[in-house]
Each structure stands twice: as structure tokens, then as C-alpha cells.
Amino acid sequence: VKIFATYNIKGGVGKTTAAVNLAYLSAADGCRTLLWDLDPQGAASFLFRIKPRVKGGGKALIRGTKTLDDAIKGTDFDHLDLLPADFTYRNMDLLLGGADKKPTRKLGQLLKPMAAEYDHVFLDCPPSISLVSENVMHAADVLLVPLIPTTLSVRTLDQLTEFVAGFNGRRPRVWAFFSMVDRRKTLHQEITRDLATERAGVAATPIPALSMIERMSVERAPVTAFAPRSVAARAYRALWAEVQQDPKP
Amino acid sequence: VTTGGLRDFVADTAEGEDFSLAAVRSELSTEFTVRQEPGAAGSGMHRRTWLDTFDWRLYKAGLTLQFEQARRGGLLVLSKADGTPQVEQPVTRWPRRPGLAEDLPPGPVRDRILVLTSPRALLPIVKAASTVSVNRLLNADGKTVARLVVEEHVTVTAPTPNSAGGTTAELPPRLAVAEVRGYPSQARKAAGLLASVPGVSHASQSVFIAALTALGRHPADYTSGVEAEITATMPASVAVARLLLRLLDTVELNVDGVLRDIDTEFLHDLRVAVRRTRSAIKLLGAVLPADLAEHFKAEFKWLGDVTTPVRDLDVHLLGFDALTEQLVAASPDDLEPLRAFLVRRRAREFRRLAAALRGPRFRAITDDWRKALLEIRDVDGPRRRRPTAAVLARAATGKAFRRVAAQGDAITSDSPPETLHDLRKRAKELRYLLEFFAPLYDQVAYRKVLSDLKQLQDCLGEFQDSEVQRHEIRDLADAMLTDSMLAGRAAPAATLLAMGEIAAKLALSQAEARAEFAARFARFAGPAGRERVRVLLANETQGRP
């Protein structure tokens, strides 16, 4: 199993839409795919029309009184399952902190039994720096970081890369990609073009800011599913093709 | 991802009313939004073939093998009898139908069935064509919480050997509720609604079994066993006629498979039935008209003899890999010329066998024998009242046992091999008699005697087979030398040396079997063994009507 996680310290940068569309594309390729909506706001669950509720809440999952397996729901799409969000996930830091030992590795351990059942797991991480995000970084093989093309967000990427480089043992590959790119803004254009060529680990494919992507919350489905020929869907497909490869050195 | 746990229903069209999908949809609409899903996974035309060996080895092991044809290649699915899939394996091309499991490409289905079916071929038992459509059942959020799978226009066919026509039947439509993971209660609810639609009922049979029933077949309708329908009190002549008719059925059922050369076991089963027939004529023929027994004794000897060369070569070829694995000095490749020689020789002998089985003498045997036996079975004249089957069984079996015991007792460590060969024949006759009259016996006592006898027979068989094979290897070596000289090629020395090594191995296992003989015989025919046979035959005389 390969674990992908979408992460950014900031919210509203296209993290969930990326997770939802890439997970859908993975499943459409025939890979058995699981998306875990870790964000207590439950946006990914909403987009798949699945109630953001887990029996027993996050506590039952973290303490192991309920297995992830029991909480998984099938989406409307073949090969794609979802582990829904739950409002109690907002306390997940406390729950993870209470874990006996290695509190930063708990999520990875919980995911281990899923390895036989899925080819790809996507973790949609809540925006923050917390024990949850640290757990996600330890569990992931690939860290997908959506970036708004600004100088500041590039700095954040540097900090994140440095933080991950400090891990002992297994480190995720960091794959950043530009998100919500506004083609009318010169600065967006420049940063997108320059950084993708200059820096390692930045995808060449940007995800543009498009109203079609916003329509996802009306259609309650991935844009790659309801408008597969749209510009937005094409961008996600190109990004998915790219992040399945190793990043440039 | 939908999980297993299909809830299956049959739409009963027998009531004269046409099955209406509209009624089903309207019932489901009380709880769900029903939406057609064209192009859904599993929808469209379905072509399936169920496969098993001629003697139903998979079915008897509680398994069902299904080949689902796709646009390119297909999928082999092995399921439990209740329909739970066990393993599956894609196959790009079904090798040749019927095929051996070992001809399949490596994969989990092949791994699971190879030992079970080998050396038998997989035959198409039933083919089905149907149209499948999928409907999504949505909840108030528009989320798919279950699926309704409708299979209509289910046409089933029993393939015939020459693929011309075959019987066809139409099965009623089938409905199934497929669960969506995490929504088990919704699937239950949908199944409950379906069950309440008039004309829709829970499916009690799988499509496979329903198809067999519709085509007038029964699963496991072939067995190589005797299993004649006889009772203790019926006249002995009637019982013997029934027995022989059953054996004749087995001969005839296997002829087609022999002629199409599907697998080696058709000929094997045919030969066993012929041997049993010959033993029955010899040991029980006194209750048949004397001229009849005399004539068919010769005819079945002829039939047995014409089938021998091919079977001997089959045995060599089937055991070939096991033989080469035992080689210590020579390399398995050294024996490849022998294998090629055996294959050529078999092809030649097979043509002779096929000509005999297609010829007038064989047809005359089967036709005349059946006619004569039916007459005996059905004409119940007063002179045929005595003795009863039970009396005949006791007399013949007791005599055969005493003969085995006496001949075995006389064997010492100095006795020549022929005495053991002779004992093997007597033991086989006893075994056949026990099997012929099995329905008359107490089953516990029967199994006890049979199990000891089997042990003794295995030992005698090992002894004789090793000896026979050793002689055959020498003959084959001679033949290979002659053949290759005729063809202007020298027989490879390495091959002959490897054959020598095989012959030495055979001599060794023969010696081992000889060493074991005394103990096995004592177990079967010692005081305890004699008592077991006495109990068996005593019980039998009180036989059930």
C-alpha cells in the first residue's frame, strides 16, 4: 500500500478537493483506494454524500475499541472507500497524546491492517501544525502540499521540507503543487513557472482556480467524475500522473 | 466498493404473470430513489460456463468453478457451494476445451484445483447467457446505499460433445441486492422490500444448480462405483443382471470420452467396468444362462485386451515425472527420448483402440449384452426365484475369502513371485464381490473388511506393478533400440542408462513390498480378520428387504 497525504498548515488552499479528485482518479485506474477524512469539518465526507460520523467517534478508533474496517463506507464509485470524518476528530490531538508510546506513530499503526485491502490510502489532513499532522507525516509515503503561489507559501514549504528531513528513519517524499492559481495574476504566473523548474519536489502541473472546482460542493462529487472533460479534471489527471512518479532530484 | 453478501431472489414467472421490473422499482421507491446505472461494473451481456471433471470432483469437494467470458479472455472464479467466491484468476484464453487444470496459466485457481482434479480434464457442464442491469438505490442525500442487480433472459445450455445444439432451457429472472460497504442495514431493508413484491421469492438454488435441474441433470450423476440397486430378497439372477447392467452403463458412458481422448480416466473407468464384468461373469455367472455367460466371457476378454496397450502407456506417462524425480545419477533430461517414444507409441496404439471401439464387434457386445440382461432383469419366471441375492452373495463372497486365505497361508518367504501375482488376482475378485453386494451389508462391518483388504491389495499391487514395469522398461529399451535403428538414429546411451537406474529403483520398491506382505496378510486373514468377515456375512443373511 502507498499512503498519500494532503497537508497544508493553512486552510482553504484546495487540499480537500485535491485529495478527493486524486483518490477518485486512483480508484478509476482500478486501484483499491481508501480516503480518510481526518478533518473534523468533514468536507471530503460531504463531497461523497457520506454522513460525517463514526460510531464511538475518534476515541474508539484511536483506542482500538473499533477498527478502521468497521467505520469504512463505500462511496458511489468502484474501488473507492471512505473513512468518514467525525466532529470528535477535533480532539484527536488529545487522544493521540494519550496513546501509550510513540504518540507520533499511532495513525501509521492504525493503518497497518489496511495494507492488504488497499493499494492507495489518501489522508486528508486538517490544516494546522499538531500531533495529528505529525502523525500523518510519519504515516505517509508521499506528502502532497498544495501551495498558493505567493512568496510566503514558498517559505512555508521550505520549513516543512526541513522539518520532514529531520525525521529519524522513514521520511515521506514531499510533492508540492500549485493550487488555486489565478491566470490573471502575473505574480501567480511567475512563481508557478519559476519554482516548478527551479525547485525539486514541485509538480509542473498547477491546479487553476476554477468555478468548476467550486461546483463540487453543489454536485457533491469529484469534478473528475461529474465533468471528466473539463479543464479542472484534466489538470487533476496530469497532477495524478506526475505525483505517482518520483520527484525530480 | 460493494462487498459480498448478495441477497438473491427469483422472479417466479410460472404463475403466468410476466415478471415486471416496474413493480420491483415501485416497491423500492417507497424507501429509496431508484436510478438505473448504465455501464455499471457487471452490467450488460453475461456469458458463463461452469466447469467440472466428468466425475464431479469439484462439486464433491463443495466447490463450483465458473468461467466468465469477457470481451478479451475471461475470469475463472472458484466458489464454495453456497456461492461465496474463494479465489479468482484471469485467463486470457481458455487453453482448449475441455482442458486440464495443468494447462492453465499459473494462478490461485490453478493452484487450488490442480491436485483435486488431476489427471481429469475440466469439462463444460452448463453454459449460461443472460443480460444484467444494475440500479442504484439512493438515500435522501443522493448517496448510493445499495444496488439492485437484475439478471434477465437467462438461457442455459448443456454443451454436447460435438457442440451441435444441446438442450436449452430458460430460467426465470434473478434479482439480487448488493450491499455497499458500511450500509448493511440499507441492503437488508431493500431485500425486505423485494421479498414483499408478488412473484418474487428467495432463491433456493444457485444459477448452476437451477440450470442443471432445468436441463434435467443432477449434480454428481456419474460415479465410477458399482452402486447397483439390489436387495437381499430379490432373485439372484435379477440382482446379477442389475449389477451387470450398471457396469455396462459405466462402459458406455465412458466410450465418448475415450474416443475424444479427453483425459486418461475415461479409459481407466471403462477398463475397471470391463474387469468387474468379467469377474462377475466368472464368479456369479452360474445364475445366468450358460451359453450367454460363455459367449460374453470371451467378448469382454477381447474388450479388456484391446484397451490394455493404451492404458499401460498412460500409466507410464502419468507416472513419468514421479519416476524422473527419483533419479540420482542420471539427469531427468536423459529420459526425454523415452517420453517422446512413449507418446509416439501411444498415438499408434490409440488409433487401434479407437478403431476397435468404433467397430461392429464392440457395438454387438454392448447391444446384445444389454438386451440379454434386460430380459433376465424383467422376466421374473418361477425358476429364477431361487436362490436370493443374499444367498448368492454369502456363498460367493465366503468362497472367495476362503480362497484368498488358503492361497495366502501357503505363501512363504521362499515362494516364487507368481504365487503373489495369483493371490493378487484372487484378492481383486474378493474386492469386486464385496463391492457388488455392498448395499446388502452392514456398512460398519463392510468398511472394516474393505479397509484391511485394500491394505493387502496395495502391497500386492506394489509388488506386481514394480515387477511388470521393470520388464516393460526392458522391453521398451529393446524397442527403442530397434526403432531407432530402423529410423537410422542411434538410441541415446544416456537414456538407456537412466532407464537402468529406474529399473533398479523398481526392484528396490518391489523388495520392500515383499517384506511388508506377511504383516498385511496376517492382518487381513488372521483370526481377527476372519472374524470380521464372518460377522459381515452373518449380518448380510439377515439382510433388509
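Residues numbered from 1 in each chain as written. Chains lettered and ligands numbered in written order. Predicted model: local features only at pLDDT ≥ 70, side-chain atom pairs only at ≥ 80, totals over all residues. Heavy atoms only, no water.

Another aspect to go through is the nonpolar core. Residue and element names in this part refer to chain B. If you look at the biggest cluster of nonpolar residues, it comprises 107 residues, and the most contacted ones within it are L284, W369, F436 and F437. Ranked by the residues each element gives to this core, the list is headed by helix α6 (residues 236-259), at 14 residues. Not counting the four nearest positions on each side in its chain, W369 is found in contact with L244, L248, T277, I281, L288, L292, F296, F300 and A364. (Core = buried A, V, L, I, M, F, W, Y, C linked by side-chain atoms within 4.5 Å. Buried < 20%, exposed > 50% of the residue type's maximum accessible area, 1.4 Å probe, protein only. Helix = DSSP H or I, 4+ residues; strand = E, 2+ residues; numbered from the N terminus. Contact = heavy atoms within 4.5 Å.)

Residues and elements named next belong to chain A. Taken in spatial order, the seven strands line up as β3-β4-β2-β5-β1-β6-β7 in an open sheet, and their pairing is mixed. Since the sheet does not close on itself, it has two edges, and those belong to β3 (73-74) and β7 (173-178), each with one partner. Sheet analysis places strand β2 (residues 33-37) next to strand β4 (residues 80-83), joined by four bridges and oriented parallel. Note that in β4 the partner of W36 across the bridge is L83. Against the sheet, helix α8 (residues 151-165) touches β6 (142-147) and β7, its axis set at about 165° to β6. The sheet contacts of helix α13 (residues 231-243) involve β1 (2-6), β5 (120-124), β6 and β7, and relative to β7 the element is tilted by about 160°. (Pairing = 2+ DSSP bridges. Axes fitted to C-alpha atoms, helices over the stretch in contact; angles between N-to-C directions.)

Time to look at the interface of chain B and chain A. Interface size, as often reported, equals the accessible area lost upon joining of the parts. Counting from both sides, the interface comprises 13 residues of chain B and, opposite them, 18 residues of chain A. With both chains or domains summed, chain B and chain A bury close to 1200 Å², and 33% of this area falls on carbon and sulfur atoms. Put simply, chain B and chain A have six salt bridges between them. Among the ionic pairs, B:R181 bridges to A:D81, the shortest N-O distance being 3.3 Å. Our enumeration of links across chain B and chain A arrives at 13 residue pairs in polar contact (both at pLDDT 80 or more). Partitioning the side of chain B that touches chain A into residue classes produces four nonpolar, four polar and five charged. (Buried area = accessible area lost by both parts, 1.4 Å probe. Salt bridge = Lys/Arg side-chain N within 4 Å of Asp/Glu carboxyl O. Polar contact = N/O pair within 3.5 Å; in protein donor to acceptor, adjacent residues only side chain to side chain. Nonpolar A, V, L, I, M, F, W, Y, C, P; charged D, E, K, R; others polar.)

On to unusual backbone geometry, then. All names here are of chain B. Following S118, the chain continues into P119 via a peptide bond in cis, with omega recorded as 0°. Tracing the sequence through the fold places P119 in the loop between α3 (108-117) and β8 (121-138). For W56, which is not glycine, the phi torsion reads 60° and is therefore positive. Of note, W56 is situated in the loop between β3 (44-52) and α2 (57-60). You can call W56 buried: its relative accessible area is 1%. Positive phi is not limited to glycine here, since A220 has a value of about 55°. Inspection of the secondary structure assignment puts A220 in the loop between α5 (207-214) and α6. Here A220 falls in the partly exposed class, since its relative accessible area comes to 27%.

What follows deals with the packing of aromatic side chains. Counted under the stated rule, the structure contains 17 aromatic pairs over all chains. With centroids separated by 4.5 Å and ring planes inclined at 45°, the aromatic side chains of B:F54 and B:Y222 adopt a geometry described as tilted. Note that B:F54 is positioned in the loop between β3 and α2 and B:Y222 in the loop between α5 and α6, a separation of 168 residues in sequence. Neither residue differs from the other here; B:F54 and B:Y222 are each classed as buried. Against the face of A:F46 rests A:R220, its NZ or CZ located 4.0 Å from the ring centre. (Phe/Tyr/Trp six-rings, centres within 6.5 Å; stacked < 30°, edge-to-face > 60°. Lys NZ or Arg CZ within 6 Å of the ring centre and 35° of its normal.)

What follows is about a positive patch on the surface. Residue and element names in this part refer to chain A. On the surface, K101, K102, R105 and K112 cluster together into a positively charged patch. Summarising the element assignment, R105 is placed in the loop between α5 (92-97) and α6 (106-111). On the accessibility criterion, R105 (34% relative accessible area) is partly exposed. (Patch = residues over 30% accessible without salt bridge, like charges linked within 9 Å, V, L, I, M, F, W, Y side chains within 5 Å. Areas by Shrake-Rupley, 256 points an atom, 1.4 Å probe, with all protein chains shown as cover. Lys, Arg positive; Asp, Glu negative; His and termini not counted. Charge placed at Lys NZ, Arg CZ, Asp CG, Glu CD.)

All names here are of chain A. Secondary-structure assignment places N135 in helix α7 (residues 131-139). On the basis of relative accessible area, N135 is assigned to the buried category, the value being 0%. In this structure the side chain of N135 is engaged in a polar contact, spanning 2.9 Å, whose partner is the backbone nitrogen of K106. If we skip the residues at most four places from it in the chain, N135 touches L96, P103, T104, R105, K106 and L107.

Keep in mind that these numbers describe shape and distance, not what the molecule does.
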